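What follows is the residue order along each chain.
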Amino acid sequence: MEHSDITTDGYVILRNALSEKELQYGLSCMIDKKVEYRILKKFIDTMLFKTVTKNTKFITEPQYVKFRFSNNNNSTDASTFHGDIYNHSELDILPIYTCLCYFDETKMEIIPGSHRKTNDWSIQSYNKKIVLPLQPGDILIFHSNIHHRGINFDKKGDRRLLQVFDVFPDMETYNKHSSKLIIVTSEIRSKTVGHVSYIVSKFPALIDTISFFHYNLMFYDLQYKLPIMDIPPSEKKGHYVSYEPGRRVFMNDIEVEDQNVNVICDTTITTMKHSKYYWFLGVLYILFAIIFIFILYTFWFSEYNVKTRIYLSKKSSQYLKKK
Ligand SMILES: O=C(O)CCC(=O)C(=O)O
């Protein structure tokens, strides 16, 4: 285990934790661009979590809600800073983890300590970001609300990654906390945004700039309110809220499926669609657009502007004739 501490830093890396044979078993789930999810489920239960429980003291009897396998395509929603869960409860430390198993060499960016409540400004927190280099066989575990993002999506080649989300460390924690978890689904609207993010993530300078702005929105809990995809504050209070973009499929119903889908293993967790609560923002956006077009229109057809435009076109035709 590395020198990071799960309580202080919010993450740990188990370096070279899985053998070549175990990794090969995990990867045998890939059939061209599709995935045989039963193989992955077995890999998680018998290899990944066996290694995790053997090498950590804080995860002893893992209970997880879902997982996702991607190959360079989780940039649809993971290339800007985000938390996998947002903690709206009184607790300082969220008792839920995300476990990531890397099959290829790559990097990810994380903000150590961002899993705890802070009085920092967003920019102070943002400046603490560090890059974690990851190798095949490494397992990264963090508190699910830590701020992190995938990087390195511009590199050619595979970036195969298995992520197990909403991992409760033992049965007692699951029984106590799972009813406070809310999953907000937003598949349809995130499709277009996902496609754009996938392309933009291939341009590091551009995605870094977007990520900086997104970080500020996320820090102040605005990133889902502004695009009208959130639930009201009253429903968040006391809860752990996870936003789930992309398609969801149920473990019991699938065999071979696409990559990068959310494979749901626990169907008892509260799931809801974003509400109509913030639709007034939509009305405001339309009002602003109408006012903007009106101002532009009146300005363009004002007496002064019409005269100026006639004068300028006369001048330019005289100039062209002289030439
Ligand atoms: O791709 C990575 O390294 C991180 C992925 C991630 O944060 C996510 O998919 O939510």
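Residues numbered from 1 in each chain as written. Predicted model: local features only at pLDDT ≥ 70, side-chain atom pairs only at ≥ 80, totals over all residues.

1. Structural notes on the domain arrangement of the protein
Thought 1: Domains assigned within the protein are domain 1 (11–273) and domain 2 (287–322).
Thought 2: Spacing between the C-alpha centres of domain 1 and domain 2 amounts to 52 Å. (Domains from an automatic or database assignment.)

2. Here's the deal with the environment of methionine 47
Thought 1: By the secondary structure assignment, methionine 47 is in helix H2 (residues 37–55).
Thought 2: Counting along the chain gives 21 residues from methionine 47 to glycine 26, while the straight-line C-alpha distance between them is 8.9 Å.
Thought 3: Non-local contacts of methionine 47, meaning those with residues more than four positions away in its chain, are made with Leu18, Glu22 and Tyr25. (Helix = DSSP H or I, 4+ residues; strand = E, 2+ residues; numbered from the N terminus. Contact = placed C-beta atoms within 7 Å.)

3. A closer look at the site of the ligand
Thought 1: The full set of residues close to the ligand is Asn74, Ala78, Asp84, Met108, His148, Gly150, Leu161 and Gln163.
Thought 2: For the shell around the ligand, the elements supplying multiple residues, two or more each, are strand E10 (148–151) and strand E11 (160–168). (Near = placed C-beta within 6 Å.)

4. Here's the deal with the sheet that holds strand E13 (residues 240–244)
Thought 1: Spatial strand order, E5-E13-E12-E17: four strands in an open sheet with mixed pairing. Two strands in the sheet have a free side with no partner beyond their single neighbour: strand E5 (86–87) and strand E17 (270–273).
Thought 2: In this structure, strand E12 (residues 181–185) lies alongside E17, joined through four bridges in parallel fashion. Looking at E17, one finds that isoleucine 183 is bridged to threonine 271. (Pairing = 2+ DSSP bridges.)

5. Focus on the nonpolar core
Thought 1: Counting 57 residues, the largest nonpolar core has Leu40, Cys99, Ile139 and Ile141 as its most contacted members.
Thought 2: If we skip the residues at most four places from it in the chain, isoleucine 139 touches Leu14, Ala17, Leu18, Thr51, Val52, Cys99, Leu100 and Cys101. (Core = buried A, V, L, I, M, F, W, Y, C linked by C-beta atoms within 7 Å. Buried ≥ 20, exposed ≤ 12 C-beta atoms within 10 Å, placed from the backbone.)

6. Quick notes on unusual backbone geometry
Thought 1: Backbone geometry places aspartate 32, a non-glycine residue, at a positive phi of 50°.
Thought 2: Mapping aspartate 32 onto the fold places it in the loop between strand E2 (30–31) and strand E3 (34–36).
Thought 3: Residue aspartate 32 is classed as exposed on the basis of its 7 C-beta neighbours within 10 Å.
Thought 4: Notably, aspartate 221 is not glycine yet its phi reads approximately 55°, a positive angle.

7. Structural notes on helix H7 (residues 204–219)
Thought 1: With 16 residues, H7 should cover 22 Å at 1.5 Å per step; its first-to-last C-alpha distance of 22 Å lies within 8% of that length.
Thought 2: Along H7, the positions that sit buried rather than exposed are Ile207, Ser211 and Tyr215. Along the axis of H7, the buried positions cluster into a sector of 85°, meaning they face one direction only. Across H7 from its buried face, at more than 90 degrees, point the exposed residues Ala205, Leu206, Thr209 and Phe213. (Expected span 1.5 Å × (residues − 1). Arc of directions from axis to C-beta.)

8. So, the pairing of strand E9 (residues 139–143)
Thought 1: Of all five residues making up E9, five are buried, and the element is well covered by its neighbours.
Thought 2: Where strand E1 (residues 11–14) meets E9, four bridges bridge the pair, whose relative direction is antiparallel. The partner of isoleucine 13 across the bridge, within E9, is leucine 140.
Thought 3: Of the strand pairs in this sheet, strand E6 (residues 97–102) and E9 are connected by five bridges, and their pairing is antiparallel. When the bridges of E9 are listed, tyrosine 97 appears paired with histidine 143.

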